[in-house]
Amino acid sequence: MAVKIGLLGGSFDPVHCAHIALALAARRSLGMDRVQLIPAANPWQREPLATSAHHRLAMLNIAVRGHEGLEINPLEITRGGKTYTADTLSQLPPGPDYTWILGADQLGNFCSWHRWEAIAATVTLAVARRPGTELAVPAALRQRLEALNRRLVELPFEPMDISATAIRRRLALGLPTDGMLDVAVAQYIKENHLYQGP
Ligand SMILES: Nc1ncnc2c1ncn2[C@@H]1O[C@H](COP(=O)(O)OP(=O)(O)OP(=O)(O)O)[C@@H](O)[C@H]1O
Ligand SMILES: O=C(O)c1ccc[n+]([C@@H]2O[C@H](COP(=O)([O-])O)[C@@H](O)[C@H]2O)c1
């Protein structure tokens, strides 16, 4: 049987507890051999990131420590340039069954992704609910999946009200982030004076 690999792409600015919980939930519920967290180099639909690739990778390495089956794949950072998921998928070795894991917010946005039809044809999509966002499959994606005879998986995931945006805001205001960040990631942020500005 093919190896099953989950892919969780993100800005990870910074990586937080919901990212890790999501990766672990996907691995457990879909029986994946491993889940790769893939930090984006330049997520073209967003404002410029607050921290460098170096710091985001360092925080990810701390966050996955001790979680069996989770690993970092730095290929988007190595590739550089605007980050298109379709390019990332075309760089992966053939053979394994790949599942792209995403939150409901990015599912709603999916049909704006570069070459989204090719992505839908290449990987299984596995989506998690997220507070503040309806879990709705865009009509064009639904039609495309039907034509491809592919299904979209809803992950069993207790919604977690955590976002990197809220964490960056809280850190800039000097507010606590208890329960949102791995303690060792929080320590790294403090030691490196990250997210201090407005
Ligand atoms: N609390 C959450 N619940 C479910 N999915 C999440 C959650 N946080 C992030 N994700 C998903 O993880 C992936 C990477 O997210 P990202 O790194 O952009 O974090 P974020 O918290 O959404 O960041 P930001 O607030 O900066 O947009 C996306 O698919 C996103 O939908
Ligand atoms: O390929 C695209 O055009 C595309 C557009 C928007 C988002 N993505 C990917 O979706 C993941 C989550 O993005 P974000 O902005 O929520 O961190 C991350 O891996 C991005 O590279 C990809």
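Structure: above.
So, how was this worked out
- Residues numbered from 1 in each chain as written.
- Chains lettered and ligands numbered in written order.
- Predicted model: local features only at pLDDT ≥ 70, side-chain atom pairs only at ≥ 80, totals over all residues.
- Heavy atoms only, no water.
- Near = heavy atom within 4 Å.
- Polar contact = N/O pair within 3.5 Å; in protein donor to acceptor, adjacent residues only side chain to side chain.
- Areas by Shrake-Rupley, 256 points an atom, 1.4 Å probe, with all protein chains shown as cover.
- Nonpolar A, V, L, I, M, F, W, Y, C, P; charged D, E, K, R; others polar.
- Phe/Tyr/Trp six-rings, centres within 6.5 Å; stacked < 30°, edge-to-face > 60°.
- Helix = DSSP H or I, 4+ residues; strand = E, 2+ residues; numbered from the N terminus.
- Buried < 20%, exposed > 50% of the residue type's maximum accessible area, 1.4 Å probe, protein only.
- Core = buried A, V, L, I, M, F, W, Y, C linked by side-chain atoms within 4.5 Å.
- Contact = heavy atoms within 4.5 Å.

> Explain the site of ligand 2 to me, please; I cannot follow it from the model alone.
The immediate surroundings of ligand 2 are formed by 13 residues, with Ser11, Trp44, Thr85, Gln106 and His114 found nearest. One of the side-chain N or O atoms of Trp44 is found 2.8 Å from an oxygen atom in ligand 2. When the free accessible area of ligand 2 is taken as 490 Å², the share hidden by the protein chains comes to 91%. Partitioned by chemical class, the residues of the shell around ligand 2 number four nonpolar, eight polar and one charged.

> Help me understand the packing of aromatic side chains, please; the structure alone is not making it clear to me.
The way to describe two aromatic rings as a pair is by their centre distance and the angle between their planes. This model, assessed by the stated rule, comprises four aromatic pairs. When the ring of Trp100 is compared with that of Trp113, the centres are 6.3 Å apart and the planes differ by 85°; the resulting orientation is edge-to-face. Linking Trp100 in strand S4 (residues 97-103) with Trp113 in the loop between helix H5 (104-108) and helix H6 (116-122), this pair joins segments that are 13 residues apart in sequence. For the pair formed by Trp100 and Trp113, the shared burial category is buried. Taking the centre distance of 6.2 Å and the plane angle of 75° together, the rings of Phe110 and Trp116 count as edge-to-face. The same class applies to Phe110 and to Trp116, which are both buried. An aromatic cluster is built from Trp100, Phe110, Trp113 and Trp116, whose rings are joined through pairwise contacts.

> Honestly, the site of ligand 1 in this entry has me stumped. Any pointers?
In the region of ligand 1, 23 residues are neighbours, and Arg46, Asp105, Arg130, Ala164 and Thr165 sit closest. Arg46 places a side-chain nitrogen or oxygen 2.6 Å from an oxygen atom of ligand 1. For ligand 1, the protein covers 92% of the area, taking 600 Å² as the surface of the free molecule. When contributions to the shell around ligand 1 are tallied by element, the ones reaching two or more residues are strand S1 (4-10), helix H1 (17-30), S4, H5 and helix H8 (164-172).

> When you look at the nonpolar core in this model, what are you seeing that I'm missing?
Within soluble globular proteins, side chains that are nonpolar tend to cluster in buried spots. One finds Leu8, Val15, Leu37, Met59 and Val185 to be the most contacted residues of the largest nonpolar core, which totals 35 residues. Elements supplying a minimum of two residues to this core: H1, strand S2 (34-39), helix H2 (53-64), strand S3 (70-72), strand S5 (124-128) and helix H9 (183-191). Once residues within four sequence positions are removed from consideration, Val185 is found in contact with Val15, Met59, Ile62 and Ala63. Listed in part, the 23 residues of the second largest apolar core include Leu92, Leu102, Ile119 and Leu135.

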